[in-house]
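# Overview (structure and organization)
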Number of protein chains: 2
Amino acid sequence: MTAQPNLDFTISTAPQVYDWLRDVILRCELPPGARLSEIEIGKRIGVSRQPVREAFIRLASDGLAEIRPQRGTYISAISVSAVLSARLIREAVESDLVRMIAADADAALIARLDHELDRQREAVARGDTDGFVRLDDDFHYAIAQAAGQETVWGVLEGLKSQMNRLRYITVRAFDAQKLIDQHAAIVEGLRARDPGRAEQAMRLHLREVLNDLPELSRSHPEFFKP
Amino acid sequence: MTAQPNLDFTISTAPQVYDWLRDVILRCELPPGARLSEIEIGKRIGVSRQPVREAFIRLASDGLAEIRPQRGTYISAISVSAVLSARLIREAVESDLVRMIAADADAALIARLDHELDRQREAVARGDTDGFVRLDDDFHYAIAQAAGQETVWGVLEGLKSQMNRLRYITVRAFDAQKLIDQHAAIVEGLRARDPGRAEQAMRLHLREVLNDLPELSRSHPEFFKP
DNA sequence: TACTGCATACTTGCATACTAGTAAATACAA
DNA sequence: TTGTATTTACTAGTATGCAAGTATGCAGTA
């Protein structure tokens, strides 16, 4: 973790420090359990303790950091129960969303989703893992948008933060082709205007993480907590 | 808003200030749009700006306050889209939970929920509105608990914060009897071990707020934002 | 009366000094 | 060598001072 944020001193620095640290944590450049220091980070980016401290407070309220008074601040371990909760909530919500739009899925929507599938295949073909992760998000956002529920997607994004770190400590490269096939199954359900089929495809897709989580938490117990 | 928090100076004051202000805001003792001041609140409870400021930062990241640099800090207006999103998420998640437990709802669970219904009827009989609100939460928590998803309920509680304020600006007293009947319908679905019936009863119940929201936002436009 | 410009009194953002609590290294004794 | 007391370095929590942006009221002008 040597990189620095690009600070714009014409606007408040504390939120910029927060955005930077959040990104660093979610990418596991600072691994769970790593120690943070107000002074050390302040020195590195050229500000006092105060803005760094305010960033820590927000990270702690997100569950991404843990402030132990008079002891130190640490990157939170990944909470297995938080991951499972976020997954369950995603499944419940996104299966409802896909059901809502299935009945009158028009050609424009199907074309949009088919296009997203093409982009996903291209990313996998050129081995662009980070790009695929972004496109995966784009696909799910497109469905929320079609349901007119962009705000709901915003809430889900917040919940996903714990799950995000999982991708970076995966033992083996995750099977992007499998995920694309599952996306395609969802689109097929929509193309057929079959709510039940689209819903089941979505549920199956969002249960995928359940396959990897036990193995992950076994092989990296130091990164997890109950 | 004349009350003061009971500060325990053996532990950090900033989180106590946060808890107190959050409670005050959610009970609408400080209405949406009201102005907060670091100095003024600090003086009132006998601490400096710093702990108050840290409380403001957390409230802002919860969406309950809005910090306008060099201008002031204000209680956030109730976001209609946030309320609608929280409602949609609740419906999706809780209908899934009730479906999960319907198939093997045992006598102990039914007895527990029947008991909750009795307590709700008692609260209404003695006109204890605040008590009923708490019991309403207890009922839904009991269902989450039966599904082994206490953590999920914790997440939902965070989302509900925007909805909480609605209860306190209701034009007319809300129809507690109607809500109890809806709760009872959910229990009937569980007693019959009928997942579909229990789910539909839960969905109907959680759509109730949709009836009041338009009227509320029309009659108190100053408390709402899109 | 209506408008402009400025003085003034606020606000939050940031830096810094100080306090108190923790933990680890060290000195010392058995 | 082992166990204990003490010192020391470090942490976050709080208070406070200063800087810079904003709103407001008032004086002066047309």
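What you see is a predicted model; the values in this text were computed from it and never measured.

The next thing to look at is the relation of the copies chain B and chain A. When chain B is fitted to chain A, the residual RMSD is 0.1 Å, and the transformation amounts to a turn of 180° plus an axial shift of 0.0 Å. Read as a symmetry element, the transformation amounts to a two-fold axis. Considering only C-alpha atoms, the residue of chain B closest to the rotation axis is Ala92(B), which sits at 2.6 Å.

Here we come to the nonpolar core. Core analysis: the largest hydrophobic core is formed by 70 residues, its most contacted members being Val93(A), Ile143(A), Leu190(A), Val93(B), Ile143(B) and Leu190(B). Excluding anything up to four places from it in sequence, Val93(A) contacts Val152(A), Leu156(A), Leu88(B), Ile89(B), Ala92(B) and Val93(B).

Okay, the pattern of salt bridges next. One pass over the structure, following the stated rule, counts 48 salt bridges over all chains. One salt bridge in this structure joins Asp96(A) and Arg203(B), with 2.8 Å as the shortest N-O distance. Residue Asp96(A) is located in helix α4 (residues 80-102), and its partner Arg203(B) is located in helix α10 (residues 195-206); the two belong to separate chains. Across the pair Glu199(B) and Arg203(B) runs a salt bridge, and its minimum N-O distance is 2.9 Å. Here Arg203(B) and Glu199(B) lie together in helix α10, a separation of four residues that amounts to about one turn. With a relative accessible area of 9%, Glu199(B) lands in the buried category. Under the relative-accessibility criterion, Arg203(B) is labelled buried at 9%. One salt-bridge network, held together by shared partners, links Arg87(A), Glu91(A), Arg99(A), Glu199(A), Arg203(A), Arg207(A) and Asp96(B).

Now for the packing of helix α2 (residues 38-45) of chain A against helix α3 (residues 49-61) of chain A. Residues and elements named next belong to chain A. Relative to each other, α2 and α3 sit at 120°, their axes nearing to 8 Å. Between α2 and α3, the crossing angle belongs to the class labelled oblique. Seen along the crossing, α2 lies across α3 with a hand that is right-handed. Of the residues in α3, those in contact with Glu 38, Ile 39, Ile 41 and Gly 42 of α2 are Arg 49, Val 52, Arg 53 and Phe 56. Class assignment for the residues of the contact of α2 with α3 results in four nonpolar, one polar and three charged.

Around DNA strand D lies a shell of 23 residues, among which Arg49(A), Arg53(A), Gln70(A), Thr13(B) and Ser48(B) are the nearest. Contact distances for DNA strand D include 2.6 Å between a phosphate oxygen and a side-chain N or O atom of Ser48(B). At the level of secondary structure, the elements contributing two or more residues to the surface near DNA strand D comprise β1 (35-36), α3, β2 (65-68) and β3 (72-75) of chain A together with α1 (13-26) and α3 (49-61) of chain B. Here the surface near DNA strand D gets three residues from one element, more than from any other, and that element is α3(B).

Contact residues are listed per partner, giving 24 residues for chain B and 24 residues for chain A. Both faces considered, chain B and chain A share a buried interface measuring about 2,000 Å² in area, 64% of it formed by carbon and sulfur atoms. On the surface where chain B and chain A come into contact, there are four salt bridges. Between Glu54(A) and Arg53(B) there is a salt bridge whose closest N-O contact spans 2.7 Å. Taken together, the connections running from chain B to chain A amount to seven residue pairs in polar contact (both at pLDDT 80 or more). Every element with two or more residues in the side of chain B that touches chain A is listed here: α3, α4 (80-102) and α7 (150-159) of chain B.

Residue and element names in this part refer to chain A. For chain A, the assigned domains are domain 1 (13-76) and domain 2 (79-225). Put simply, the middle of domain 1 and the middle of domain 2, counted by C-alpha atoms, are 29 Å apart. Contacts between the two partners involve 13 residues from domain 1, matched on the other side by nine residues from domain 2. Taken over both partners, the interface formed by domain 1 and domain 2 buries close to 930 Å², and the fraction arising from carbon and sulfur atoms is 53%. Of all residues in domain 1, the largest losses of buried area upon contact with domain 2 belong to Leu 26, Arg 27 and Pro 32, amounting jointly to 49% of the total for that side. Counting across the interface, domain 1 meets domain 2 through one salt bridge. Measuring nitrogen to oxygen at the nearest pair gives 3.5 Å for the salt bridge that ties Arg 27 to Asp 130.

Another aspect to go through is the side chain of Thr73(A). All names here are of chain A. Within the element layout of this structure, Thr 73 appears in strand β3. In this structure Thr 73 comes out as buried when scored by relative accessible area, which is 6%. Each residue touching Thr 73, except ones within four places of it in the same chain, is listed here: Ala 34, Arg 35, Leu 36, Phe 56, Ala 65, Glu 66 and Ile 67.

Rules behind the numbers
- Residues numbered from 1 in each chain as written.
- Chains lettered and ligands numbered in written order.
- Predicted model: local features only at pLDDT ≥ 70, side-chain atom pairs only at ≥ 80, totals over all residues.
- Heavy atoms only, no water.
- Least-squares fit on C-alpha atoms with pLDDT ≥ 70 in both.
- Core = buried A, V, L, I, M, F, W, Y, C linked by side-chain atoms within 4.5 Å.
- Buried < 20%, exposed > 50% of the residue type's maximum accessible area, 1.4 Å probe, protein only.
- Contact = heavy atoms within 4.5 Å.
- Salt bridge = Lys/Arg side-chain N within 4 Å of Asp/Glu carboxyl O.
- Helix = DSSP H or I, 4+ residues; strand = E, 2+ residues; numbered from the N terminus.
- Axes fitted to C-alpha atoms, helices over the stretch in contact; angles between N-to-C directions.
- Parallel < 35°, antiparallel > 145°, perpendicular 65-115°, else oblique.
- Left-handed = near helix turned anticlockwise from the far one by under 90°.
- Nonpolar A, V, L, I, M, F, W, Y, C, P; charged D, E, K, R; others polar.
- Near = heavy atom within 4 Å.
- Polar contact = N/O pair within 3.5 Å; in protein donor to acceptor, adjacent residues only side chain to side chain.
- Buried area = accessible area lost by both parts, 1.4 Å probe.
- Domains from an automatic or database assignment.

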